[in-house]
Amino acid sequence: MKVYTKTGDKGTTGLYGGTRVSKNSLKIESYGTVDELNSYLGLIRSYEIDPALEEEIIIIQKDLFNLGAELATPIDKLYLANGKPRIPKTISEQDIIQLEDWIDDLEGQLEQLTHFILPGGNQPASHAHVARCICRRAERLTVGLAEVEEIRPELQKYLNRLSDYLFVLGRKIATDNNHEEVKWIPGE
């Protein structure tokens, strides 16, 4: 299989199931931003971080490929004519619960928040905060997509929870590297 197909040279791309849409469509923006987020998580993994966090990020990256594949599939094409799922794994409530469990575990290792904090820390912590912003953009685009076509609610919920995870991940990485959080005090 070649990397280039030339089928998108006129500004369209194919969805799972064969439908072609503009590369500028909200659907493509949604899963393209999920892909951007996934790549950014790979950047975080390129730094020396806690191996347990790296394993969590790998699981999330796989989930994001599944989420993107589902966004690239019209809901009426999620199942083949023989009734089998077109996508082997879709985001489930269990995936969302897993994120919540990781968040709870990480928060238990951190000082309780009393103020907003400025994004930052060392490079991987700062990248986690940027990833959180990309995740929020992916979530906004997915919410917009859900307003014009049917998507499963688990996709929005996963992205919402993932942005929370990425916030806590940034805090944890910064703490692991002895970077003090800078509090934002309104009016200072």
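For the structure, see preceding data.
As the structure is a prediction and not an experimental result, all values here were calculated from the model.

Draft legend 1. Molecular detail of the overall build of the chain. Counting its regular elements, the chain contains five helices and four strands. In the chain, the succession of helices and strands from N to C terminus is β-β-α-α-α-β-α-α-β. Once the C-alpha set of the chain is aligned to its principal axes, its extents read approximately 55 × 35 × 35 Å. Counting all 188 residues of the chain, 40% fall into the buried class. Sequence separation of at least 24 residues holds for 73% of the intrachain contacts in the chain that already meet a minimum separation of 6. With 22 positive and 30 negative side-chain charges, the chain shows a separation of 11 Å between the mean positions of the two kinds.

Draft legend 2. View of the environment of I59. With respect to the helices and strands, the residue I59 is situated in helix α2 (residues 51-71). Judged by relative accessible area, I59 falls into the partly exposed class, the value being 40%.

Draft legend 3. Spotlight on the state of the cysteines. Applying the stated rule across the entire model yields zero disulfides. Free of any disulfide, C133 has its nearest neighbouring cysteine sulfur in C135, separated by 9.8 Å. C133 gets classed as partly exposed once you look at its relative accessible area, which sits at 42%. Since its relative accessible area comes to 0%, C135 is described here as buried.

Draft legend 4. The packing of helix α1 (residues 26-45) against α2, seen in detail. At a closest axis distance of 9 Å, the pairing of α1 and α2 adopts a crossing angle of 165 degrees. Taken together, the axis directions place α1 and α2 in an arrangement best described as roughly antiparallel. For the pair α1 and α2, the sense of crossing is left-handed. Contact residues: α1 offers K27, S30, Y31, V34, L37, N38, L41, G42, I44 and R45, while α2 offers E54, I57, I58, I60, Q61, L64, F65, L67, G68 and L71.

Draft legend 5. Representation of the packing of aromatic side chains. Under the definition given, this model contains two aromatic pairs. Pairing W102 with Y165 gives two aromatic rings, centres 5.9 Å apart and planes at 55 degrees, and the pair type is tilted. You can see W102 sitting in helix α3 (residues 93-107) and its partner Y165 sitting in helix α5 (residues 153-176), a full 63 residues away along the chain. A relative accessible area of 12% means that W102 is categorised as buried. With relative accessibility at 0%, the residue Y165 sits in the buried group.

About the criteria used
- Residues numbered from 1 in each chain as written.
- Predicted model: local features only at pLDDT ≥ 70, side-chain atom pairs only at ≥ 80, totals over all residues.
- Heavy atoms only, no water.
- Helix = DSSP H or I, 4+ residues; strand = E, 2+ residues; numbered from the N terminus.
- Buried < 20%, exposed > 50% of the residue type's maximum accessible area, 1.4 Å probe, protein only.
- Contact = heavy atoms within 4.5 Å.
- Lys, Arg positive; Asp, Glu negative; His and termini not counted.
- Charge placed at Lys NZ, Arg CZ, Asp CG, Glu CD.
- Disulfide = S-S within 2.5 Å.
- Axes fitted to C-alpha atoms, helices over the stretch in contact; angles between N-to-C directions.
- Parallel < 35°, antiparallel > 145°, perpendicular 65-115°, else oblique.
- Left-handed = near helix turned anticlockwise from the far one by under 90°.
- Phe/Tyr/Trp six-rings, centres within 6.5 Å; stacked < 30°, edge-to-face > 60°.

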